Amino acid sequence: MKESLMKNVIPIAWNERIPFECCRCGACCRHVKDSVPLESLDIYRLAKYLKNRGEYSASISDMLSQYAQPVLLHECGYFIYTLKTVGDDDTCIFLKNNLCTIQPAKPRACRTYPLVAEPDGTSSFNYYLSIEKPRHFTGEKFKARNWMRQYFTQEDREFIQMDFSSALPIAQLLKKIPAIRKTEALLDFMACKYTDFHLEQPFLEQYEQNNKRLTASLKALIH
Ligand code: SF4
Ligand code: SF4
């Protein structure tokens with residue numbers, strides 16, 4: 001298994017047993033400025049969840065303005081979203097009284113924590129253990145395989161593979177966009193990647209269509 005570019009993680013085997021007991025100290029939800037990714041599928045699920053709770057803003061864009069912030073991944077303009085933080089200790093905006101207030105719709109990174117999955121470049125994944133906050137490595141042992149089967153869904157897997165394989169081609173197209181059309185390209189990028197989804201329709205088909213639409217639109221903007 002290859003080393004990950006992520007910090008504070010170590011590779012783990014699928015069969016490995018890890019002692020873990022959460023005392024709900026909330027430490028993993030503090031000092032998380034720019035570090036809890038809200039992926040496209042997370043955004044769709046969160047919007048649906050907030051809508052069902054009657055707390056949905058007027059649109060996915062408005063919800064993102066309220067709870068997330070864009071973080072530039074590459075100078076070509078490729079950006080991701082991360083959850084906003086509040087207070088001097090950069091606490092996740094959704095943590096209240098040491099509890100996550102969006103538990104059923106928390107992002108993938110939080111759901112699989114302390115395990116992390118990364119595409120291995122084929123159709124499979126490498127798995128890692130986050131060792132940054134070690135206080136929970138105590139108590140009963142769980143098997144990495146069982147943990148990921150429970151918290152890393154088939155929809156997550158298909159989305160990540162799609163996202164991973166489309167990222168480089170899209171970044172390469174963004175690099176070629178003339179400066180005069182950059183704003184238009186980034187608006188298309190934002191819509192297709194993050195906001196242009198119907199919550200009553202399944203996510204994956206829409207994401208696939210949006211990626212095709214984005215590719216065509218960026219190609220048209222280059223010429
Ligand atoms: S840091 Fe560990 S023990 Fe504390 S809330 Fe997070 S998972 Fe639980
Ligand atoms: S979404 Fe929930 S679990 Fe994730 S960092 Fe925020 S409060 Fe913690």
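Structure shown above.
Residues numbered from 1 in each chain as written. Chains lettered and ligands numbered in written order. Predicted model: local features only at pLDDT ≥ 70, side-chain atom pairs only at ≥ 80, totals over all residues. Heavy atoms only, no water.

S.K.: Got a minute to help me understand unusual backbone geometry in this structure?
M.R.: Glycine aside, residues mostly have negative phi angles, and peptide bonds mostly take the trans form. Of note, the amide linkage connecting Tyr-113 to Pro-114 takes the cis form, showing an omega dihedral of 10°. Residue position: Pro-114 is located in the loop between helix H3 (108-112) and strand S9 (115-119). Although it is not a glycine, Asp-34 sits at a positive phi angle of roughly 60°. Checked against the element boundaries, Asp-34 lands in the loop between strand S2 (17-19) and helix H1 (40-52). A relative accessible area of 40% places Asp-34 in the partly exposed class. One non-glycine residue, Asn-98, lies in the positive phi region at around 65°. (Helix = DSSP H or I, 4+ residues; strand = E, 2+ residues; numbered from the N terminus. Buried < 20%, exposed > 50% of the residue type's maximum accessible area, 1.4 Å probe, protein only.)

S.K.: Please clarify how the site of ligand 1 should be interpreted in this entry.
M.R.: In the neighbourhood of ligand 1, the contacting residues comprise Phe-20, Cys-22, Cys-23, Arg-24, Cys-25, Gly-26, Ala-27, Cys-28, Tyr-113 and His-136. Here the residues of the shell around ligand 1 are counted per class, giving seven nonpolar, two polar and one charged. (Near = heavy atom within 4 Å. Nonpolar A, V, L, I, M, F, W, Y, C, P; charged D, E, K, R; others polar.)

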